[in-house]
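# Fold and contact review
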Amino acid sequence: MLRIFSITIAVFGSGWILMGLEILAGRMLTPFFGSEIYVWGSIIGVFLAGLSIGYVLGGVLSKLWPSPWGMAAVLILAAGTLVPVGGFYDWIAEGVAGWDWSAQWGSLAAAAVLFLPPSVLLGMISPYAVRLTARRMETVGLSAGLLYAIATVGSFLGCILTAFYFILWLGLRMLVLLSALGLVGLAGVVAAAHSKSTG
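Here's what I pulled together on the structure shown here. Keep in mind it's a predicted model, so treat the numbers as computed, not measured.

If you tally the helices and strands in the protein, you get seven helices and zero strands. Along the protein, helices and strands appear, N-terminal first, in the series α-α-α-α-α-α-α. Computed over its C-alpha atoms, the radius of gyration of the protein comes to 17 Å, within 12% of the 16 Å expected for a compact globule of 199 residues. Each principal axis of the C-alpha distribution contributes one length, and for the protein these read about 55 × 30 × 25 Å. Per-residue burial over the protein gives 45% buried out of 199 residues. Long-range contacts, defined as pairs at least 24 residues apart, comprise 85% of the intrachain contacts of the protein with a sequence gap of at least 6. A total of about 9,700 Å² of accessible surface is found on the protein, and carbon and sulfur atoms cover 74% of it. Within the protein, the 6 negative side-chain charges are centred at a point lying 26 Å from the centre of the 8 positive side-chain charges.

All right, on to the pattern of salt bridges then. With the rule as written, the count across this model stands at one salt bridge. Residue R173 is joined to D90 by a salt bridge in which the shortest nitrogen-to-oxygen separation is 2.6 Å. Linking R173 in helix α7 (residues 172–198) with D90 in helix α3 (residues 68–97), this pair joins segments that are 83 residues apart in sequence.

Another aspect to go through is the environment of S107. Looking at where S107 falls in the secondary structure, it is placed in helix α4 (residues 103–123). Those residues within four positions of S107 in sequence are excluded, and the remaining contacts are L29, F33, Y38, V39 and S42. Among the polar contacts made by the side chain of S107, one reaches the main-chain carbonyl oxygen of Q104 at a distance of 2.9 Å.

For T8, the position within the fold is in helix α1 (residues 2–33). When the C-alpha positions of T8 and A151 are compared, they lie 8.6 Å apart, and in sequence the two are 143 residues distant. Ignoring any residue separated from it by four or fewer positions in sequence, one finds T8 in contact with L147 and I150.

Of all hydrophobic cores here, the largest spans 52 residues; its most connected members are L24, M28, L29, M71, L75, F115 and L183. Contributing elements (two or more residues each) for this core: α1, α2 (37–64), α3, α4, α5 (125–133), α6 (140–170) and α7. It is α1 that provides the largest number of residues to this core, a total of 12 residues. When near neighbours in sequence (up to four residues on either side) are disregarded, F115 contacts L21, A25, M28, V46, F47 and V85.

A contiguous nonpolar surface patch, about 890 Å² in accessible area, is contributed by F164, Y165, L168, W169, L170, M174, L178 and L181. Secondary-structure elements contributing two or more residues to the nonpolar patch are α6 and α7. Element by element, the count of residues in the nonpolar patch is highest for α6, at five residues. Note that L178 resides in helix α7.

About the criteria used
In every chain, residue numbers begin from 1 and rise along the written sequence. A pLDDT threshold of at least 70 governs which residues receive local features in this predicted model, and a stricter bar of 80 or more applies before side-chain atom pairs are shown or counted, although totals over entire chains, interfaces and linings include all residues. Working from all heavy atoms in the structure, the side-chain values ignore hydrogens and water. Counting from the N terminus, the helices are DSSP H or I runs at least four residues long and the strands are E runs at least two residues long. Based on C-alpha atoms, the radius of gyration is set beside the globule rule, defined as 2.2 Å times the residue count to the power 0.38. Only protein chains enter the accessibility calculation, which uses a 1.4 Å probe; a residue whose area is less than 20% of its type maximum is buried, one above 50% is exposed, and one in between is partly exposed. Contact between two residues is taken to exist if any of their heavy atoms lie within 4.5 Å; hydrogens are not considered. The method behind every accessible area is Shrake-Rupley, applied with a 1.4 Å probe, and residues are considered shielded solely by the protein chains displayed. Counted charges follow a simple rule, with Lys and Arg positive, Asp and Glu negative, and His plus the chain ends left uncounted. For charged residues, the charge sits on one atom: NZ in Lys, CZ in Arg, CG in Asp, CD in Glu. When a carboxyl oxygen of Asp or Glu is within 4 Å of a side-chain nitrogen of Lys or Arg, the pair counts as a salt bridge. Under the rule applied, a polar contact is a pair of N or O atoms within 3.5 Å (in protein, one hydrogen donor and one hydrogen acceptor; residues adjacent in sequence only if both atoms are side-chain atoms). As used here, the term nonpolar core means buried Ala, Val, Leu, Ile, Met, Phe, Trp, Tyr and Cys residues forming a set that is joined through side-chain atoms within 4.5 Å. Exposure above 30% relative accessible area and no salt bridge define the residues that can form patches, which grow by joining like charges within 9 Å and nonpolar side chains of Val, Leu, Ile, Met, Phe, Trp and Tyr within 5 Å.

Structure below.
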C-alpha cells in the first residue's frame, strides 16, 4: 500500500511539474521570439510530442524493468535535464535565435532544445505507474484512468499556481531548479517506499 501511495504521489507531482514547465516556457521564449501565437503553438507542440514519445518509452521500459527503481531513475534523469534549462535557458534561446531562422521555426527549435528531453521523461511516468500498480488485467483500465486523472489534476494545479503566483514570487530560474529538486524528492519517495515494502 505504501508503494502504491508513493507512485501516486510521483504521478501527481510529475504532472504538476510538467505543466508548470510549460507555463515557464512561454516566459522564457517570449523575449527572444515574441509573444505571437506561433510561440505558444511551438511550446504546446513540443510538449505534446514529448509526451507521446514518453508514453511509448515508459510502456516499453516498464515492461523491461518493472520496478519502482526504474521509475525513480526516470525521475532523476528528468531532474538532470532541467538543470541546464534553469541555468542557461537565456543563452540557449539566444543562441537558437542567432540561427537566423524565421520566428516560427526558431521558437519551435528553441522549445525542442530546452523542453523536449524533460517532457519525454516526464511522459514516461504515468504508463510506468500503470504497470506498477495494476494487479490484474481486469483492473488495468481502472488503474490507468485513475492515474491519468491524478496526473491531470496535478497538471491543472501546476498550471494555475505557476501562472498566478509562483512566477511572480520566485522567478524563472528558481522555479526550474526547484522543479528539478522536486523530481529528485519524488524519486526519493518512490525509492524509500519500495525499500520499506521489500525490507
